[in-house]
Amino acid sequence: RFREMAAVVTKISAVIFDVDGVLLDTERLMHEVTADVVRTNFSGKEYDPARFASALGCAPRDAVQQLITGLDLPTTVDEYLALSRPKMEEAWTHAPAIPGAARLVEHLRASAVPIAVATSCDRAALARKASAHSTLFGAFGEHVATIDDVSAGKPAPDLFQRARELLGPSAPPADECLVIEDAPAGVRAAHAAGMRAVVLVSDLIPAAEYDAVSPDARLTSLYEFDPVRWGLPAFGDIICGSVPRMPPLRLEGHVTRGYGRGSKELGIPTANLPASAYAELLSSTTCGIYHGWAQVGDGPVCKMVTSIGRNPYYGNTEKTVEPHLLHTFDGDFYGERLRVLIVGYIRPELNFPSLDALIAAIKADIECARVALDDDYYAEFKADHLFTERAAERANL
């Protein structure tokens, strides 16, 4: 069911991770800071992330030079960095981990697969970014290559070559190393180093930019990554075809009217939550199909399956949360309080060739949720404090 599943050309013996956009969600913050710096300091100039997609993954000074040239900014690299660096450094300390990153890194470490980091940022910047993620970055030990260690950044191969060297005398040959990147420049660098490259697709980068660098596989989420396809040990945490989402995602709000297609077109009604209330949270949440538990008002806690994303079949422009509750209700419940606890990831969002294909996929998702949530691990979340605290409040009235 996952798009990344493809034929393996060679067995992979080591995995090298980029940081920004792969381990940490820093690139979204970088775009926000860049837009603010340009808007505040350069009248009449406007920053468009898609226009500068090729700068992602490059050494910071090279990326800034591309920005200055592209927008014809009346400044130098050093002057611009003096404006942006304090804001960047503050933003980095709040950067969340990419969903699924800790799971994948810990799985590889526990399976004795050599792992390393290759990042275009300098060591001081990396320390700030990693300050709130000691366990995640501690798994790499000394196997961390930064721009301080090489003479040329991505798309040159130097960073990945250095990361491989840090694995020591027993490091596998380059063609047995797999790089996980999100930037086209990083994919170019990995291929130049003789390595395979899987790209974690960013919705801020035009698809044509990825097409131009021909990654060996594409992911929309790290949850999609299948180690077995690369000759690596299988995950041991998949439950009934779904991946536990850690930590669980808790949402609460009043049910709003959506697009009106759940019941009319699909025959599968949804209870939409107001996306505007969760805009920041959703921006860092991986698009996909999830399952979990839900409660309407003071009613029973019931199984649910939900999409988070833009529903590519319909071409939405904004992320939405559209839960379908596996429970029969007497009528609609617009305006009712809805609590949603997301505990498992089923699959990525996909486009479909027809409405019938979409409906078939949704029905398969519903069945997956129905079975998975009976598992003891998932079933325990039915008593989560999201639901029990409200029950306790009622009992004390």
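In what follows, the structure referred to is the one given above.
None of the values given here were measured: they were computed from a predicted structure.

The rules we used
Residues numbered from 1 in each chain as written. Predicted model: local features only at pLDDT ≥ 70, side-chain atom pairs only at ≥ 80, totals over all residues. Heavy atoms only, no water. 1 Å grid on protein atoms, 1.4 Å probe; cavity = no way out; pocket = protein on both sides within 12 Å on 5 of 7 lines; lining within 4 Å. Points joined across faces, edges and corners; volume = space filled by probe spheres on them. Helix = DSSP H or I, 4+ residues; strand = E, 2+ residues; numbered from the N terminus. Nonpolar A, V, L, I, M, F, W, Y, C, P; charged D, E, K, R; others polar. Salt bridge = Lys/Arg side-chain N within 4 Å of Asp/Glu carboxyl O. Buried < 20%, exposed > 50% of the residue type's maximum accessible area, 1.4 Å probe, protein only.

Remarks on the layout of surface pockets
One number sums up the size of the largest pocket: a volume of about 1,200 Å³. Surrounding the largest pocket, 43 residues form its lining, Ser 202, Asp 203, Cys 287, Arg 310 and Lys 319 being those nearest its centre. When residues of the lining of the largest pocket are traced back to their parent elements, those giving at least two are helix H1 (27-41), helix H9 (207-211) and helix H11 (279-283). The element contributing the most residues to the lining of the largest pocket is H1, with four residues. Residues belonging to the lining of the largest pocket are distributed by class as follows: 18 nonpolar, 12 polar and 13 charged. Here the second largest pocket is characterised by a volume of approximately 780 Å³. Forming the walls of the second largest pocket are 36 residues, and the residues nearest its centre are Met 30, Cys 58, Ala 59, Pro 60 and Ala 63. Secondary structure elements with two or more residues in the lining of the second largest pocket: H1, helix H2 (60-71), helix H3 (77-92) and helix H5 (123-130). A per-element tally of the lining of the second largest pocket places H3 first, with seven residues. Counted by class, the lining of the second largest pocket contains 18 nonpolar, seven polar and 11 charged residues.

Focus: the pattern of salt bridges
Under the criterion given, the structure shown has 22 salt bridges. Among the ionic pairs, Asp 237 bridges to Arg 103, the shortest N-O distance being 2.7 Å. Of the two residues, Asp 237 sits in the loop between strand E6 (217-219) and strand E7 (243-254) while Arg 103 sits in helix H4 (residues 101-110), which places them 134 residues apart along the sequence. Between Asp 211 and Arg 218 there is a salt bridge, with its nearest N and O atoms 2.5 Å apart. Look at Asp 211 and you get partly exposed, because its relative accessible area is 46%. When its relative accessible area of 29% is taken as the criterion, Arg 218 is described as partly exposed. Taken together, the shared-partner salt bridges connect Asp 18, Lys 154 and Glu 181 into one network.

A look at unusual backbone geometry
Note: most peptide bonds trans; most residues except glycine with negative phi. Note that the residue after Lys 154, namely Pro 155, is joined by a cis bond; omega there is 15°. Between Met 246 and the following residue, Pro 247, the backbone shows a cis peptide bond with an omega angle of -5°. By secondary structure assignment, the location of Pro 247 is in strand E7. In this structure, Asp 72 takes a positive phi of about 55° despite not being glycine. Along the chain, Asp 72 turns up in the loop between H2 and H3. Positive phi, close to 50°, is recorded for Cys 240, a residue that is not glycine. With respect to the helices and strands, Cys 240 occurs in the loop between E6 and E7.

By themselves, these observations are geometric and do not establish any function.
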